[in-house]
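Descriptive analysis of the structure
Residue-level listing of the chains:
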Amino acid sequence: MSYTLRFILSAGALLVGCSILGISLFYGSVQSFSASGKVESFEKEFYFDQEMLPDHVLYPMLMVVDRVRLESAPELEQIYLQAEYANRRLEYTEELIAKEKIELAYSTLTKSEKYLLQAAQNTVNSPERTDNTVSHLIKTIEYHQAKHKELAPHFSDPQRAQIDAFLQQAQVVLEQLKSL
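Residues numbered from 1 in each chain as written. Predicted model: local features only at pLDDT ≥ 70, side-chain atom pairs only at ≥ 80, totals over all residues. Heavy atoms only, no water.

1. Focus: the pattern of salt bridges
Between side chains of opposite charge, a pair can form when the charged atoms approach closely. Taken as a whole and assessed by the stated rule, the structure comprises 11 salt bridges. The salt bridge partner of Lys147 is Glu150, with a shortest N-O separation of 3.2 Å. Here Lys147 pairs with Glu150, and both are found in helix H5 (residues 131–151), just three residues apart, close to one helical turn. What makes Glu150 partly exposed here is its relative accessible area of 48%. Residue Arg160 pairs with Asp157 through a salt bridge whose shortest N-O separation is 2.1 Å. (Salt bridge = Lys/Arg side-chain N within 4 Å of Asp/Glu carboxyl O. Helix = DSSP H or I, 4+ residues; strand = E, 2+ residues; numbered from the N terminus. Buried < 20%, exposed > 50% of the residue type's maximum accessible area, 1.4 Å probe, protein only.)

2. Regarding a nonpolar patch on the surface
Taken together, the side chains of Tyr3, Phe7 and Ile8 define a hydrophobic patch exposed on the protein surface, amounting to about 390 Å² of accessible area. Looking at where Phe7 falls in the secondary structure, it is placed in helix H1 (residues 3–27). On the basis of relative accessibility, which here comes to 54%, the residue Phe7 falls in the exposed class. (Patch = residues over 30% accessible without salt bridge, like charges linked within 9 Å, V, L, I, M, F, W, Y side chains within 5 Å. Areas by Shrake-Rupley, 256 points an atom, 1.4 Å probe, with all protein chains shown as cover.)

3. Focus on the side chain of His144
Relative to the elements of secondary structure, His144 occurs in helix H5. On the basis of relative accessible area, His144 is assigned to the buried category, the value being 0%. Looking at His144, its side chain comes within polar contact range of the side chain of Asn87, at 2.7 Å. (Polar contact = N/O pair within 3.5 Å; in protein donor to acceptor, adjacent residues only side chain to side chain.)

4. Side note on the environment of Leu53
Assignment of secondary structure puts Leu53 in the loop between strand E2 (39–43) and helix H2 (59–72). With a relative accessible area of 2%, Leu53 lands in the buried category. Spatially, the C-alpha atom of Leu53 lies 9.8 Å from that of Arg88, the residues being 35 residues apart in sequence.

5. Remarks on the packing of helix H4 (residues 102–125) against helix H6 (residues 157–178)
Put simply, H4 and H6 touch, their axes get as near as 10 Å, and they point 15° apart. Accordingly, the angle class assigned to the pair H4 and H6 is roughly parallel. Between H4 and H6 lies a crossing of left-handed hand. Together, Ile102, Glu103, Tyr106, Leu109, Glu113, Leu116, Leu117, Ala120, Gln121, Thr123 and Val124 of H4 and Gln159, Gln162, Ile163, Phe166, Gln169, Ala170, Val173, Gln176 and Leu177 of H6 make up the contact between the two elements. Looking at the contact of H4 with H6 residue by residue, the classes come out as 12 nonpolar, six polar and two charged. (Axes fitted to C-alpha atoms, helices over the stretch in contact; angles between N-to-C directions. Parallel < 35°, antiparallel > 145°, perpendicular 65-115°, else oblique. Left-handed = near helix turned anticlockwise from the far one by under 90°. Contact = heavy atoms within 4.5 Å. Nonpolar A, V, L, I, M, F, W, Y, C, P; charged D, E, K, R; others polar.)

6. A short note on H5
Here H5 spans 30 Å end to end across 21 residues, near enough to the 30 Å set by a 1.5 Å rise per residue. Buried residues of H5: Thr133, Val134, Leu137, Ile138, Thr140, Ile141, His144, Gln145, Lys147, His148 and Leu151, and no others. (Expected span 1.5 Å × (residues − 1).)

Structural data, given as structure tokens:
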């Protein structure tokens, strides 16, 4: 393929990507399905004076950076990054609850759960795991279990059922980690 054709295709892809990003920033809201099955809309905000939360207009860019960082990391580092992302999203959940953005807080909490369970499962399956990695994950899971129990009253019954399911999954993987 000639250099000119590759340049034109790359420029076109960049233009399409920038257009998609611009449109999503312009509309400033994200839709998702709630536990009740209805579509929820999360209004995005733009602020400078505090940490960038999932309700920030530019948060999707942070997620892209996180994903690239995760995908490009070695296996053992990925485990630590997943645990870090889980912890960060747990903090975001608390801040969103304080802002009374319960649906977005719940969505953020479930992403936290997914990162943590993936980190734990990767640790169980990794031949490169170390005692420090296992110990770190055990402490992180126990911390998350305590925080989930503390945060549960802020959510609806269907959401709490999902939190309870996470607590059960976390307990299973916690036992696996302790047996290593």
